[in-house]
Amino acid sequence: MGKLDGRVVIVTGAARGQGEQEARLFREEGAEVVVADVLDDQGQDLAKEIGALYVHLDVRREDDWRRVVASATDAYGRIDGLVNNAGILRFNTLLDTPVDEFMQIVEVNQVGCFLGIKTVAPAMPDGGTIVNTASYTGMTGMAAVGAYAATKHAILGLTRVAALELAARKIRVNAMCPGAIDTAMSNPAQLDPAADAEEASRGLDRFYRKVVPLGRIGKPEEVARLALFLTSDDSSYITGQPFVIDGGWLAGVSIV
Ligand code: NAD
């Protein structure tokens, strides 16, 4: 018995990184999975490999969302879960951030999450689940990622309000707040065929050892297991909450 037997789940930004691991784990746990992304080739390859449905989705576009809902319903007859995972990161101090860059991040991370809730929840039966991917930077500040942190704080607000508004239909809405996770977002060497991504991972471990109590960067598979918990009945009495998964980074500072 899989934890998601009989359920149909849409994962956005699922062509790579955390979304990819969520799609893989959800399939292993018996769900039908809709892999949605702007990276069509990678998304299609993954969907073929794991037996999922790929649908092109730019999370900023409401028409794309409507197409994803229609395709998922056509293919599987229902939609029980959504993981709003797609996101982008840009590094800049607030004073140096052009308005266009700020708005680009808002559109993908914040508007994308809003549109996912708005278009998918009406298509869900009672008892569905929505998991929004916020961040460690949704809980605290981090210099040089101000626009990103603002959107991740906003996702927690969206999560709480959606949980209140959808509770009457027993749709649960929670958020994940990952710390540093070893994907292309934190480890761009993964996107460079000439680079040694494993050596870059070891470098990230050395860096995060200084600030993360558990002494290493996180793995996308670890976040996928939290997404599974929040999408399955194991979390049946939990809604409207942020879940930090950061190796203890947010616990405080150590002076010993
Ligand atoms: P990633 O860059 O590997 O994956 C992001 C995915 O989102 C990609 O597949 C990308 O194509 C997709 N995407 C980007 N813009 C899109 C759009 N407009 N429409 C649809 N898809 C789009 O990075 P990741 O770490 O797997 O990121 C997943 C989520 O986790 C993001 O929301 C990110 O902000 C969040 N997060 C990441 C970290 C980290 O350290 N990696 C930490 C905290 C939170």
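Visitor: Teacher, can you tell me more about the nonpolar core here?
Guide: Across soluble globular proteins, nonpolar side chains have a tendency to be buried as a group. Residues I10, W65, L82, V120, I130, L166 and V173 are the most contacted members of the largest nonpolar core, which totals 33 residues. Where this core is concerned, the elements lending two or more residues are strand 2 (32-37), helix 3 (62-76), helix 4 (99-120), helix 5 (146-166) and strand 6 (172-178). Beyond its immediate chain neighbours, meaning those up to four positions away, L166 contacts I117, A121, I130, I171 and V173.

Visitor: Looking at this structure, I do not really get the sheet that holds strand 2. What am I missing?
Guide: Strand pairing in a sheet is mediated by backbone hydrogen bonds. Such pairs are either parallel or antiparallel. The strand order across the open sheet built from 7 strands is 3-2-1-4-5-6-7, with neighbouring strands paired in parallel fashion. The sheet is open, and its two borders are formed by strand 3 (53-56) and strand 7 (242-245), each paired with just one other strand. Adjacent strand axes in the sheet meet at a mean angle of 20° when their direction is disregarded. Across 4 bridges, strand 4 (residues 81-84) lies against strand 5 (residues 129-133) in parallel orientation.

Visitor: Explain empty space enclosed by the protein to me, please; I cannot follow it from the model alone.
Guide: Unoccupied space between atoms shows up once a probe the size of one water molecule is rolled over them. Applying the stated rule across the entire model yields 1 cavity of 30 Å³ or more. In this structure, the largest cavity encloses a volume near 50 Å³. In terms of lining residues, the largest cavity is bounded by T12, V59, N84, N85, A86, V108, N109, G112, C113, T133, K152 and I155. Elements that contribute at least two residues to the lining of the largest cavity include exactly helix 4 and helix 5. For the lining of the largest cavity, a count of residues per class yields 5 nonpolar, 6 polar and 1 charged.

Visitor: Can you walk me through the layout of surface pockets in this structure?
Guide: Looking at the largest pocket, its volume works out to about 1200 Å³. If you trace the largest pocket, you find 44 residues lining it, with G87, I88, L89, Y148 and M185 closest to the centre. Of all the elements in the fold, those that place two or more residues in the lining of the largest pocket are helix 1 (17-28), helix 4, helix 5 and helix 6 (197-209). Of the residues that constitute the lining of the largest pocket, the class distribution is 25 nonpolar, 13 polar and 6 charged. Both of domain 1 (8-181 + 219-245) and domain 2 (184-217) provide at least three residues apiece to the lining of the largest pocket. Size it by volume and the second largest pocket reaches roughly 180 Å³. What lines the second largest pocket is R209, K210, V211, V212, P213, W249, G252, V253 and S254. For the lining of the second largest pocket, the class distribution of residues is 5 nonpolar, 2 polar and 2 charged.

Visitor: Quick question: what am I supposed to make of the pattern of salt bridges here?
Guide: When the charged atoms of two side chains lie near each other, side chains of opposite charge can form a pair. Under the counting rule described, the total for this entry stands at 14 salt bridges. As a salt-bridge pair, R67 and D64 come within 3.5 Å of each other at their nearest N and O atoms. A residue pair is termed a helical-turn pair when its members lie 3 or 4 positions apart in one helix, as R67 and D64 do in helix 3 at 3 residues.

The rules we used
Residues numbered from 1 in each chain as written. Predicted model: local features only at pLDDT ≥ 70, side-chain atom pairs only at ≥ 80, totals over all residues. Heavy atoms only, no water. Core = buried A, V, L, I, M, F, W, Y, C linked by side-chain atoms within 4.5 Å. Buried < 20%, exposed > 50% of the residue type's maximum accessible area, 1.4 Å probe, protein only. Helix = DSSP H or I, 4+ residues; strand = E, 2+ residues; numbered from the N terminus. Contact = heavy atoms within 4.5 Å. Pairing = 2+ DSSP bridges. Axes fitted to C-alpha atoms, helices over the stretch in contact; angles between N-to-C directions. 1 Å grid on protein atoms, 1.4 Å probe; cavity = no way out; pocket = protein on both sides within 12 Å on 5 of 7 lines; lining within 4 Å. Points joined across faces, edges and corners; volume = space filled by probe spheres on them. Nonpolar A, V, L, I, M, F, W, Y, C, P; charged D, E, K, R; others polar. Domains from an automatic or database assignment. Salt bridge = Lys/Arg side-chain N within 4 Å of Asp/Glu carboxyl O.

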